[in-house]
Amino acid sequence: MPLTFNKSERLCSKKILGELFKKGSASVQTFYLFPFRVLYMDAVAHAPQPAEISEAINTPAASLPAIVITVPKRMFKRAVDRNLIRRRVREAYRLNKSLLTRQESFPSNIAFLYTAKQIISFEEIEKGMKLALKKMAH
RNA sequence: AAUUCAGGUCGGCUUAUCGCGCCCCGCCUUUGGGCGGAGCGAGGAAAGUCCGGGCAGCACAGAGCACUCUACUUCCUAACGGGAAGGCAACCGGCUGGGAACGGCCGGUUGACAGAUAGGGCAACAGAAAAUAUACCGCCAAUUCAGUGAACAUUAAGCAGUCAUCAGUGAACAGUUUAGCGCAACUUCGCCUGACUGAUAACUGGUAACUGCUUACUGUUCACUGAGUAGGUAAGGGCGAACCGGUGGGGUAAGAGCCUACCGCCCAGUGGGCGACCAGUGGGGCACGGCAACCCUUAGGGGCUGAAAGACCAAAUAAGCGUCGGACGCGCGGCUGCUCGUCGCCAGCGUUCCGAAAGGAACAACACCGACGCGGGUAGGUCGAACGAGGUGUUCGGGUGACCGGCAUCCCAGAUAAAUGAUAAGCCAUUCUGCCGGGCGGCUCAGGCCAAACGGCGGGAGGACAGAACCCGGCUUACAGGUCUGGAUUGGAU
């Protein structure tokens, strides 16, 4: 399992994002684990087209989950701080995503909402990320 | 060397591992992509989004009005509210002239620095008064009253003096006379004594006058003080952000541009400068206060919007258009009262034309349904969008300078839910601290104690402000620390 992080693993679609953040959606599951609030959807709920299935077979990377990281501007006024937190979270996911992908099934779309009030170190973020990934894998 | 001010400049470094974006090369591939490798990859402010421009769309005859921006001058620039040089004003510093008053030169900082005799408007509070002003205090002559003082006059009183007069006393003196003495005696004479008379000086008292002094009343004049009346006065005090030119002299009752000298102000010439302005001349004779960051005037500018601009491709999908195919009228009934739709019934019934009738034809094409195509444009994507008012260098040329030109050289982020990172180790600036050395200097009970700079060894902390988003030129704001240049001050050396 390579420790890469391609464009295909980034969740950019406005449609999926709207679906993910729509309140009360049945297909979206959520939990809170310091320092994140995690939202994720299963791939089963999002019925794939036959063409997409064939592509998924051909390209293993496409089967990886797509994630989005958000850091609220309300908490951190300066762009430098938000960038720093987002990069740390992304590194934590990149280095530990095998915890998730080793499993039989895993969510297809995940959103990590950073909810801590302070800028915390990479070690703590990585610890929280591991716990969150393990929880999603079950 | 230290401190400080101004300006410029830099804005941590190295290695390893794992990653990210762009782009190029090679290989593989089921053409979607995958693998490997090379290169590049945040800032001086990327920030605020305050100006100006490029670019883009829309609008647009010309002029005016309205709105809005700018505002000492000249220049630089694509342009600017930016910059450079200069002018003026205020302030600061240094040097210097002079006896002083007061200047001169140099440097620095700051200045929305056009116009207040084009017009309108405004000015809280305080203050007497805030703009064709005003008399609160103060000052001043006049006048009324009161008081004080001085001088003069009148009157009265007292004291002193002078003179006159009256009365009294009254010496010397004169006269008469008496006694004594001198001469023998008498007369005479002389001396002397007493008395009387006269008269004078003098004294005492009275009266009148005069003079001087004192006191009192009254009056007049003058001075001062106080109060009042009606005035003068803006020199002074006081009020205020600001109050009706400043200083000296004259002048005046006191004052006042009332007069005068200088300064300021206004007007008109002269000379210098592209100009702002400067220098100087003559005249006027003090009105013409402040605010234009209130309206306004003058001069110059501004069409609006803003990359979410705009151009293009295009799954989905609505309207619309085209082609092909299907179906075809009216009516009646049921299904929910109406509408629509649907199902059923063809029993009944259309209009026009042809026909005797039977029957036929037309009205009949729209509309409706379906498929395909066009169109349209959502999701998504491409361009805009990275070669440009471009960067760097230049002991090249022009210019005081901003800057311009020449030459050389370089290609230097291009993301888009948004790359440029994470981790580890080391180094460096900085900083804290322990030990050792050091010893400015301080305390001292004279034994010692404390101890700055600096040096060595060790340990710890540890990167300021801050993240491109179409591009560029500026401005503003934030910023640990390093470094360079210049000015000033202090100290040291020569």
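All chains use their own residue numbering, which begins from 1 and follows the written sequence. As they are written, the chains are lettered A onward and the ligands numbered 1 onward, keeping that order. Residues qualify for local features only when their pLDDT is at least 70, as the model is predicted, and side-chain atom pairs are given and counted only at 80 or more; totals for whole chains, interfaces and linings, by contrast, use all residues. Excluding hydrogens and water, the side-chain figures rest on all heavy atoms present in the structure.

## Some remarks on the side chain of R82
In DSSP terms, a helix is any run of H or I states spanning at least four residues, a strand is any run of E spanning at least two, and both are numbered starting from the N terminus. Within the secondary structure layout, R82 lies in helix α3 (residues 79-96). For R82, which is buried and forms no salt bridge, the nearest opposite charge comes from D81, at a distance of 7.6 Å. From its side chain, R82 meets the backbone oxygen of K77 in a polar contact 3.1 Å long. Once residues lying within four places of it in the same chain are set aside, the contact partners of R82 are V71, P72, K73, F76 and K77. Only protein chains enter the accessibility calculation, which uses a 1.4 Å probe. A residue is then buried if its area is under 20% of the maximum for its type, exposed if over 50%, and partly exposed in between. Charge convention: Lys and Arg are scored as positive, Asp and Glu as negative, and His as well as the terminal groups of each chain are ignored. Only one rule defines a salt bridge in this text: a Lys or Arg side-chain nitrogen within 4 Å of an Asp or Glu carboxyl oxygen. Polar contacts here mean pairs of N or O atoms no more than 3.5 Å apart (in protein, one a potential hydrogen donor and the other a potential acceptor; neighbouring residues in sequence count only if both atoms are side-chain atoms). In what follows, residue pairs with any heavy atoms lying within 4.5 Å of each other are defined as contacts.

## A short note on the pairing of strand β4 (residues 107-114)
Across the eight residues that make up β4, a large majority, eight, are buried. In the sheet, strand β3 (residues 66-70) pairs with β4 via five bridges, with the strands oriented parallel. Across the sheet, residue T70 finds its bridge partner in β4, namely L113. Only strands that DSSP links by at least two bridges are regarded as paired with each other.

## Notes on α3
Over its 18 residues, α3 extends 26 Å from the first C-alpha to the last, a length consistent with the 26 Å expected when each residue adds 1.5 Å. Within the span of α3, buried status applies to D81, R82, I85, V89, A92, Y93 and N96. Down the axis of α3, the buried side of the element spans an arc of 100°, and every buried residue falls inside it. Expected span, for any helix, means 1.5 Å times one less than how many residues it has. Relevant arc is that of directions from the helix axis to the C-beta atoms, nothing else.

## Let's talk about the pattern of salt bridges
Pairing between side chains of opposite charge can happen when their charged atoms approach one another. Evaluation of the coordinates by the stated rule reveals two salt bridges. A salt bridge links R78 to D81; the shortest N-O distance between them is 3.3 Å. Here D81 falls in the buried class, since its relative accessible area comes to 13%. The shortest N-O distance in the salt bridge between R94 and E91 comes to 2.7 Å. Taken together, the positions of R94 and E91, both in helix α3 and three residues apart, correspond to about one turn of that helix.

## A look at the packing of α3 against helix α5 (residues 122-137)
Fitting a line to C-alpha atoms yields each axis, with helices limited to the stretch in contact; the angle taken between N-to-C directions then spans 0 to 180 degrees. Two elements in contact, α3 and α5, have axes separated by 9 Å at closest approach and are oriented at 50°. By the angle class used here, α3 and α5 are oblique. The handedness of the crossing between α3 and α5 is right-handed. Contacts between α3 and α5 involve R88, V89, E91, A92, Y93, L95 and N96 from the first element and F122, I125, E126, M129, K130 and L133 from the second. Think of it as three bins: nonpolar holds Ala, Val, Leu, Ile, Met, Phe, Trp, Tyr, Cys and Pro, charged holds Asp, Glu, Lys and Arg, and polar takes everything else, Gly as well. In terms of residue class, the contact of α3 with α5 is built from eight nonpolar, one polar and four charged. For classification, angles of less than 35 degrees are called roughly parallel, those exceeding 145 degrees roughly antiparallel, those between 65 and 115 degrees roughly perpendicular, and all remaining angles oblique. By the definition used in this description, the sense in which the near helix is turned from the far one sets the handedness, with an anticlockwise turn below a right angle giving left-handed and a clockwise turn giving right-handed.

## Quick word on α5
Under the 1.5 Å per step criterion, the end-to-end length of α5 is 22 Å for 16 residues, consistent within 8% with the ideal 22 Å. All of the buried residues along α5 are I125, E126, G128, M129, A132, L133, M136 and A137.

## Concerning the confidence of the model for chain A
Close reading of the predicted structure is inappropriate where its pLDDT is low. Along the chain, pLDDT gives the predictor's confidence residue by residue, from 0 to 100. Summarising the model, chain A shows a mean pLDDT of 71, and 69% of its residues fall at 70 or more. The secondary-structure element of chain A with the lowest mean pLDDT is helix α2 (residues 50-58), recorded at 31, while α3 shows the highest, at 84. Reported confidences for the modelled complex are a pTM of 0.66 and an ipTM of 0.78.

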